[in-house]
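Understanding the architecture of this molecule
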Amino acid sequence: MRCDDYLKELSAYIDDELDQEVRKTMQTHQLQCDHCKTMYETYKLIQDEIGNSNQVQLPQTFHSQLMGKIQHEKQIKTSKRNKYLWAYTTAAAVMLVVLGVNQQGMNVNQQARMPVAPYQLIQEEKDDTALARATREESPPKEERFIETDGLVEQERHDVSRFNIAIEKTKWQVETQEDLEKLKQLLVQLENVQWQRIDDTVVELNFENHQAKNDVYQQFQQEVSLEQKDVQESLVVLLVVEAP
Amino acid sequence: MEEHIEKKLIQQAQKGSHQAFEKLIVEHEQRIYAICLRMLGNEQEAYDAAQEVCLKVWRQLPQFESHSKLSTWLYRITTNQCLDHLRKQKRKQEVSFYKYIGEEEREATYEETTENPIGTYIEEVALQDVIAQALSQLKSEYRILIVLRDMQGYSYEQISNHLDLPVGTVKSRISRARQKLKKILMQNKEPYSSFFRQIGKREDGL
């Protein structure tokens, strides 16, 4: 083997990436040629020094800063999870109000479509609310008016009117700040009407019959604009007539 | 760290225990930082990249499957992070240079042992600095190959798969990278003089 050939293969030789035959030839040449031996030692020294990274010192702040970031991420994740759980529970609760009245009338297939988990969540998280009560009881059979669909939560939240079932439900959103204040006052003044705040922007009013609902509805109409527009702060009022 | 302890800590960390994660990462963060420093050649960039790597390890740990080795997995994340960084950097046409580690920092962290006498330590640290600086002068495509091979110990085939290059190209590029690195180190000027003298002595002795 000539020195040129040795030097060409030297890198792969120190990496142990040559087949055995070439490797043996390299070893033999190295024993006979001091120049190539020194070249080998030089490359090996560089390789060993690069491999020996123990001398690189980790900056002092590194670990504490990292753990701080991780702690922060964990907190954000936890608070997000709680937020989603609340939103999910609320959405599920609204959905079950709509569907709950129909539960007794469902056939087996329809019942199988009902999500089990949200129902359990409601029992755990919101068992004390009138909403949960409405979902589980007070449900006469009205099978013929049930609208079958998938993605119930989404659709219910975007288009309440599609679920024209046992209860009468009116979604009402005020359009101005002034109307919002008026509506809040009206809600406080209401007598003999069961109502609850579902979240910061949704209030649900429950009536025993249509007449009671219409009375309140007319009262609201006189005081507050009905037209729905985009407003930064608005309140959605669900007027719900529960089945007797 | 013993394998069964590591496995247990991984399981706890996967469930969200940051105490378990801390015990795991403390074993590897120095090496993660060292790889980033050698690959990127700049302390600040290496610091940021290594932090990002450790955060990715934390975020992706639930997906980690315990039949593979943790160290292999997280050094792969490290390499990918550095490669991404270098690709972005290349687009920006930025050039960065390695900065020396402060002398005080080195002395403050040194602990003398009988196996590691102080003279050898200083010599090694000096040589490490010189090599690190030379490495930072290499084009990034050469530097990556040297770090993957010499620091992380990947085979040519593994590097070929990792960088999507033919094995022959990996072999020839590593060879060229070594030649260039040696050329930089053999300059008779600061900071390379110490390396030049060390090798020069051997060559004189021929």
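If you're wondering where the values come from, they're calculated on a predicted model, not measured in any experiment. (Residues numbered from 1 in each chain as written. Chains lettered and ligands numbered in written order. Predicted model: local features only at pLDDT ≥ 70, side-chain atom pairs only at ≥ 80, totals over all residues. Heavy atoms only, no water.)

Brief notes about the overall build of chain B
From N to C terminus, chain B includes 11 helices and 0 strands. Order of helices (α) and strands (β) in chain B, N terminus to C terminus: α-α-α-α-α-α-α-α-α-α-α. Buried residues in chain B amount to 48% of all 206 residues. Surface accessibility of chain B: about 11,000 Å² in total, with carbon and sulfur atoms responsible for 47%. (Helix = DSSP H or I, 4+ residues; strand = E, 2+ residues; numbered from the N terminus. Buried < 20%, exposed > 50% of the residue type's maximum accessible area, 1.4 Å probe, protein only. Areas by Shrake-Rupley, 256 points an atom, 1.4 Å probe, with all protein chains shown as cover.)

Side note on the environment of B:Ile131
Looking at the element boundaries, B:Ile131 is found in helix α7 (residues 118–137). On the accessibility criterion, B:Ile131 (2% relative accessible area) is buried. With 50 residues separating them along the chain, B:Ile131 and B:Leu181 place their C-alpha atoms 8.5 Å apart. Those residues in contact with B:Ile131, other than ones at most four positions away along the chain, are A:Ile46, A:Glu49, A:Ile50 and B:Leu185. (Contact = heavy atoms within 4.5 Å.)

Here we look at helix α4 (residues 43–60) of chain B
Between its terminal C-alpha atoms α4(B) stretches 25 Å, which fits the 26 Å expected from 18 residues at 1.5 Å a residue. Residues of α4(B) that are buried: B:Glu45, B:Ala46, B:Tyr47, B:Ala49, B:Ala50, B:Gln51, B:Val53, B:Cys54, B:Leu55, B:Val57 and B:Trp58. (Expected span 1.5 Å × (residues − 1).)

Structural notes on the interface of chain A and chain B
Tallying the contact residues gives 40 residues for chain A and 49 residues for chain B. Between chain A and chain B, a total of about 4,500 Å² is buried, with carbon and sulfur atoms accounting for 60% of that surface. In terms of surface lost to chain B, no three residues of chain A exceed A:Ile50, A:Gln55 and A:Val56, which account for 15% of the buried area on that side. Joining chain A to chain B, the criterion identifies 4 salt bridges. B:Arg149 serves as the salt-bridge partner of A:Asp15, at 2.8 Å between the closest nitrogen and oxygen. Summed over the shared surface of chain A and chain B, the result is 16 residue pairs in polar contact (both at pLDDT 80 or more). Contributions of two or more residues to the side of chain A that touches chain B are made by α1 (3–14), α3 (34–51) and α4 (62–100) of chain A. Of the residues forming the side of chain A that touches chain B, the biggest block, 13 residues, is contributed by α3(A). (Buried area = accessible area lost by both parts, 1.4 Å probe. Salt bridge = Lys/Arg side-chain N within 4 Å of Asp/Glu carboxyl O. Polar contact = N/O pair within 3.5 Å; in protein donor to acceptor, adjacent residues only side chain to side chain.)

Thoughts on the packing of helix α3 (residues 29–40) of chain B against helix α8 (residues 140–151) of chain B
What describes two packed helices is the angle between their axes and the distance between those same axes. Residues and elements named next belong to chain B. With their axes 8 Å apart at the nearest point, α3 and α8 run at an angle of 150° to one another. On the side of α3, the interface is formed by Arg 31, Ala 34, Ile 35, Arg 38, Met 39 and Leu 40, while α8 contributes Arg 143, Ile 144, Val 147, Leu 148 and Met 151. Residue composition of the contact of α3 with α8, grouped by class: 8 nonpolar, no polar and 3 charged. (Axes fitted to C-alpha atoms, helices over the stretch in contact; angles between N-to-C directions. Nonpolar A, V, L, I, M, F, W, Y, C, P; charged D, E, K, R; others polar.)

What about unusual backbone geometry?
Within the chain, A:Asp16 stands out as a residue other than glycine whose phi angle is a positive 55°. In this structure, A:Asp16 sits in the loop between α1 and α2 (20–32). According to the relative accessible area criterion, A:Asp16 is exposed, its value standing at 51%. Positive phi is not limited to glycine here, since B:Asp164 has a value of about 60°. Mapped onto the secondary structure, B:Asp164 falls in the loop between α9 (156–163) and α10 (167–185). Using a relative accessible area of 69% as the deciding quantity, one classes B:Asp164 as exposed.

Some points on the packing of aromatic side chains
Within the structure shown, the criterion is met by 6 aromatic pairs over all chains. When the ring of A:Tyr13 is compared with that of A:Tyr40, the centres are 5.8 Å apart and the planes differ by 50°; the resulting orientation is tilted. Here the residue A:Tyr13 occupies a position in helix α1, and A:Tyr40 occupies one in helix α3, the gap between them amounting to 27 residues. For A:Tyr13, a relative accessible area of 7% corresponds to the buried category. Of the residues examined, A:Tyr40 reaches a relative accessible area of 22% and is grouped as partly exposed. Taking the centre distance of 6.3 Å and the plane angle of 55° together, the rings of A:Phe62 and B:Tyr33 count as tilted. Of this pair, A:Phe62 sits in helix α4 while B:Tyr33 sits in helix α3, each in a different chain. (Phe/Tyr/Trp six-rings, centres within 6.5 Å; stacked < 30°, edge-to-face > 60°.)

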